[in-house]
Amino acid sequence: MFDLSPQDLRGPILGCGDGPASFNSEATRRGTEVVSVDPMYRFSAEELRSRVTETAPVIAAELRKNADEFVWNHFESVDALVAARLEAMETFLADYPHGRRVGRYVDAALPELPFPDRRFRLALCSHLLFLYSEQLDFGFHVAALKELCRVADEVRVFPLLELGSRRSRHLDSATDALRSDGIDTRIVRVKYEFQKGGNEMLVVSKEADRAGRHAGPASGRQVAGALCASTGR
Ligand SMILES: C[S@@+](CC[C@H](N)C(=O)[O-])C[C@H]1O[C@@H](n2cnc3c(N)ncnc32)[C@H](O)[C@@H]1O
């Protein structure tokens, strides 16, 4: 999703809207400093497990109904996707109680994050901004992207499609608003594609930061819950 290079994985990384995904656990094991933020982290491990388990059959049914909106190569079938989702959740849950105690899972929500300026080198946000363009308005998108830019040198958002697999209605206006505030935005193609046509990320950084400290990235009606399964960053 994010074309992460070994340099990116030096961290520190903020995962925003990470949900019950395994990225934090897996990256921490590799030695990368990762903090995940999600309002669902107010819940206990058992509460999260039952919420995810309850929604799995609903998600599977919706995915079967809309199967032609997706590319079935990373996940070869609906069953494989659901299995991956539940496996990722188990990895997350095994790490969650300790990770929450040490501050790696933080109950907070955009558009306000409880971190000092430039706390992170990289902020990643998958399947939240742009995907929920109908539910989250233009103002929310701009405020959220600026807040992510405040706490991280570089921000990457994936995908750029909203539910229904059309390009987000807020993408152009939000990037215009950021640019007029001196914030640089670029669209970069990535290898991962699950929603058809959803193989691009937005890379956002303050122009001065990009020129100075970092070279930027190394290279280059479906169901939202189903996408929470994704572990391939
Ligand atoms: C579709 S899931 C995506 C999970 C994960 N990023 C992935 O790609 O698998 C969307 C997540 O965003 C979280 N979320 C919703 N509103 C949020 C907000 N205002 N700030 C941060 N996270 C939010 C939800 O709780 C949920 O875990």
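To be clear, the structure that these remarks concern was listed above.
In this report, we go over the structure that sits alongside the text. Nothing here was measured: the structure is a model prediction, and the numbers come from that model.

Cut-offs used in this document
- Residues numbered from 1 in each chain as written.
- Predicted model: local features only at pLDDT ≥ 70, side-chain atom pairs only at ≥ 80, totals over all residues.
- Heavy atoms only, no water.
- Helix = DSSP H or I, 4+ residues; strand = E, 2+ residues; numbered from the N terminus.
- Buried < 20%, exposed > 50% of the residue type's maximum accessible area, 1.4 Å probe, protein only.
- Expected span 1.5 Å × (residues − 1).
- Contact = heavy atoms within 4.5 Å.
- Phe/Tyr/Trp six-rings, centres within 6.5 Å; stacked < 30°, edge-to-face > 60°.
- Lys NZ or Arg CZ within 6 Å of the ring centre and 35° of its normal.
- Salt bridge = Lys/Arg side-chain N within 4 Å of Asp/Glu carboxyl O.
- Core = buried A, V, L, I, M, F, W, Y, C linked by side-chain atoms within 4.5 Å.
- Axes fitted to C-alpha atoms, helices over the stretch in contact; angles between N-to-C directions.
- Parallel < 35°, antiparallel > 145°, perpendicular 65-115°, else oblique.
- Left-handed = near helix turned anticlockwise from the far one by under 90°.
- Nonpolar A, V, L, I, M, F, W, Y, C, P; charged D, E, K, R; others polar.

A word on the overall build of the chain
Moving on, step 1. Each helix and strand counted, the chain has seven helices and nine strands in total.
Moving on, step 2. Sorting the 233 residues of the chain into buried and exposed places 53% on the buried side.

Some points on helix H3 (residues 78–101)
Moving on, step 1. Here H3 spans 34 Å end to end across 24 residues, near enough to the 34 Å set by a 1.5 Å rise per residue.
Moving on, step 2. Listed as buried for H3 are Val78, Leu81, Val82, Arg85, Ala88, Met89, Phe92, Leu93, Asp95, Tyr96 and Gly99.
Moving on, step 3. Taken from the residues just after H3, Gly103 is the one with a positive phi, measuring 85°.

Focus on helix H1 (residues 23–30)
Moving on, step 1. For H1, the complete set of buried residues consists of Phe23, Asn24, Ser25 and Ala27.
Moving on, step 2. In the core, the buried residues of H1 are packed alongside strand S1 (13–16), strand S2 (34–37), H3, strand S3 (105–106) and strand S4 (120–126).

Describing the environment of Ala152
Moving on, step 1. For Ala152, the location among the structural elements is in strand S5 (residues 152–158).
Moving on, step 2. Given the relative accessible area of 0%, Ala152 is considered buried.
Moving on, step 3. Residues Ala152 and Asp117 lie 35 residues apart in sequence; the distance between their C-alpha atoms is 7.2 Å.
Moving on, step 4. If sequence neighbours within four positions are ignored, Ala152 has contacts with Arg118, Phe120, Arg121, Leu122 and Ala123.

Observations concerning the packing of aromatic side chains
Moving on, step 1. Applying the stated criterion across every chain, the model contains 13 aromatic pairs.
Moving on, step 2. Seen from their ring centres, Phe92 and Tyr96 are 4.9 Å apart, and the 35° between their planes marks the pair as tilted. Of this pair, Phe92 and Tyr96 both sit in helix H3, separated by four residues, roughly a single helical turn.
Moving on, step 3. Relative accessible area serves as the criterion here: at 0%, Phe92 is assigned to the buried category.
Moving on, step 4. Between the NZ or CZ atom of Arg51 and the centre of the ring of Phe43, over which it lies, the distance is 4.4 Å.

Quick word on the pattern of salt bridges
Opposite charge on two side chains permits them to pair, given that their charged atoms come into close proximity.
Moving on, step 1. For the structure shown, the criterion picks out 19 salt bridges.
Moving on, step 2. Close ionic contact of Asp181 with Lys146 constitutes a salt bridge, the shortest N to O distance being 3.0 Å. One end of the pair, Asp181, is in the loop between helix H5 (171–179) and strand S8 (183–189); the other, Lys146, is in helix H4 (residues 138–151), and 35 residues separate them in sequence.
Moving on, step 3. A salt bridge links Glu154 to Arg156; the shortest N-O distance between them is 2.6 Å.
Moving on, step 4. Taken together, the shared-partner salt bridges connect Asp8, Arg121, Glu154 and Arg156 into one network.

Re the nonpolar core
Moving on, step 1. Counting residues in hydrophobic clusters, the biggest one holds 32 residues, and the most contacted among them are Leu14, Leu113, Phe115, Leu129 and Leu148.
Moving on, step 2. For this core, the secondary-structure elements that each account for two or more residues are S1, S2, S4, H4, S5, H5 and strand S9 (200–206).
Moving on, step 3. With seven residues, the single largest contributor to this core is H4.
Moving on, step 4. In contact with Leu14, not counting residues within four places along its chain, are Val35, Val37, Leu113, Phe115, Phe120, Leu122, Ala123, Leu124, Leu148 and Val151.
Moving on, step 5. Val34, Phe70, Leu122 and Tyr192 belong to the second-largest nonpolar core, a separate cluster that totals 25 residues.

Focus: the packing of H4 against H5
Moving on, step 1. Running from N to C, H4 and H5 cross one another at 45°; their axes reach a closest spacing of 10 Å. The pairing of H4 with H5 is recorded here as oblique in orientation. Considering the relative orientation of H4 and H5, their crossing is right-handed. Across the interface between the two elements, Phe138, Val142, Leu145 and Lys146 from H4 touch Ser173, Ala174, Ala177 and Leu178 from H5.
Moving on, step 2. In terms of residue class, the contact of H4 with H5 is built from six nonpolar, one polar and one charged.

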